[in-house]
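# Survey of secondary and tertiary structure
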Amino acid sequence: MPEVLFLTDRPETTAVFLPDGATWSPYSIDPLSTADRQLWCLLAGAASCWRCEIAGTDAWPARRVMLIDRASASQFEALQAILRDRQELPDGLIALALEGSGFVGQRQRGWTALRGNLHLTAHYRLDLPAARIEADLMMLPTVAAADAIRQTSAGRCAPTIKWINDLLLPTGKVAGVLTATQIEGDQVINALFGIGINIEQAPMLDPSPFAPGAAALTDFDPGLRGSLPDLFATLVAALDAGVQALRKQNSFNLYAQYRALSLCIGGDVRLWPASCQDLSHTPPMAQGRVLDIRPDLSLMLEGLDEPIRNARLVLLPPDDSPVK
């Protein structure tokens, strides 16, 4: 049966992520395939290597899992660079960093990956029509992250989605998602998901009208302290299930889930051009109440005939409705 290959640079901090009964063994990277060796050097540098190999199961299908204690740069950007160079990545590849620096979020906003939080990058080979799954690939990791948080917290944390892919609790933003694709012709060949979830620590990010202040899940539910391994396994399973649904052309439920989690439907918003950085010098392109989010993730605003796409959104409080 095809194997699951786990690699780590620090077994004492990553043993909790292995399936029950699995253990680490010291390993030289020389016997690895060229692709696996390249991945290891890219994500772990010159660090010593430990290996764990198990037979694939329904819970852990065959794949590569790279568990790095401290990453010196963004794993998402590193793997994205491989795809830009037209090199191959293993289907189902998972990279997890327990902490690190040089990470970036939306619009290249820098942040530090803090220990106790989740910093995951996942790669899938798809070869599916871009026109059919483009919006799905934006929704899938966001819905999967929200579902994993709800499951791990036994429903005590139920984040909502701020358009397009921020997850919020009443205490602030607890997760963000990045999606990158490699397209050839009219097909999406590869999809890369980057997911950051603040479990135990809120990164120091200056809030803005576009992005609320960061919060941690444990601010809302202290019982989630130490839940990273469970959240990791639950999230990977949710991503796998979502990708399998896309491969079987079953994405309607994904849109329904995304829409049900929306914080924006029924709310008053102002929208600025996607390139806007300074609200004081750029007037909004639209404002009004959000009537709906369409399957392509465009917004329908009250009083507007055409949907809005590719914009930056500010959700207004109930007492700050747009002037008609």
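Conventions and cut-offs
- Residues numbered from 1 in each chain as written.
- Predicted model: local features only at pLDDT ≥ 70, side-chain atom pairs only at ≥ 80, totals over all residues.
- Heavy atoms only, no water.
- Phe/Tyr/Trp six-rings, centres within 6.5 Å; stacked < 30°, edge-to-face > 60°.
- Helix = DSSP H or I, 4+ residues; strand = E, 2+ residues; numbered from the N terminus.
- Buried < 20%, exposed > 50% of the residue type's maximum accessible area, 1.4 Å probe, protein only.
- Core = buried A, V, L, I, M, F, W, Y, C linked by side-chain atoms within 4.5 Å.
- Contact = heavy atoms within 4.5 Å.
- Pairing = 2+ DSSP bridges.

### Some details on the packing of aromatic side chains
For the structure on display, the rule yields four aromatic pairs. Ring centres 5.4 Å apart and planes at 70° place the aromatic pair phenylalanine 6 and tryptophan 60 in the edge-to-face group. Highlighted residues: phenylalanine 6 in strand 1 (residues 3-8) and tryptophan 60 in the loop between strand 3 (49-55) and strand 4 (63-71), separated in sequence by 54 residues. Across the pair, exposure class does not vary: phenylalanine 6 and tryptophan 60 are buried alike. Centre to centre, the rings of tryptophan 60 and phenylalanine 232 are 6.2 Å apart; their planes meet at 35°, and the pair counts as tilted. Residue tryptophan 60 is located in the loop between strand 3 and strand 4, and its partner phenylalanine 232 is located in helix 6 (residues 228-247); the two are separated by 172 residues in the primary sequence. The class of phenylalanine 232 is buried, set by a relative accessible area of 1%. Three or more aromatic residues link up through ring pairs in this structure, and these residues are Phe6, Phe17, Trp60 and Phe232.

### Points about the nonpolar core
Of all hydrophobic cores here, the largest spans 74 residues; its most connected members are Leu118, Ile197 and Phe232. It is helix 4 (residues 130-152) that contributes the most residues to this core, twelve residues altogether. Contact partners of isoleucine 197, with chain neighbours within four places excluded, come to Asn117, Leu118, Ala145, Ile149, Val174, Ala175, Leu217, Leu231 and Leu235. Counting 22 residues, the second largest nonpolar core, distinct from the first, contains Ile68, Ala78, Leu83 and Ala95.

### Looking at the pairing of strand 12 (residues 268-273)
Sheet analysis places strand 12 next to strand 13 (residues 286-293), joined by four bridges and oriented antiparallel. Within strand 13, the residue paired with leucine 271 across the bridge is alanine 286. Across five bridges, the pairing between strand 12 and strand 15 (residues 311-315) is antiparallel. Counted as the bridge partner of leucine 271 is leucine 313 from strand 15.

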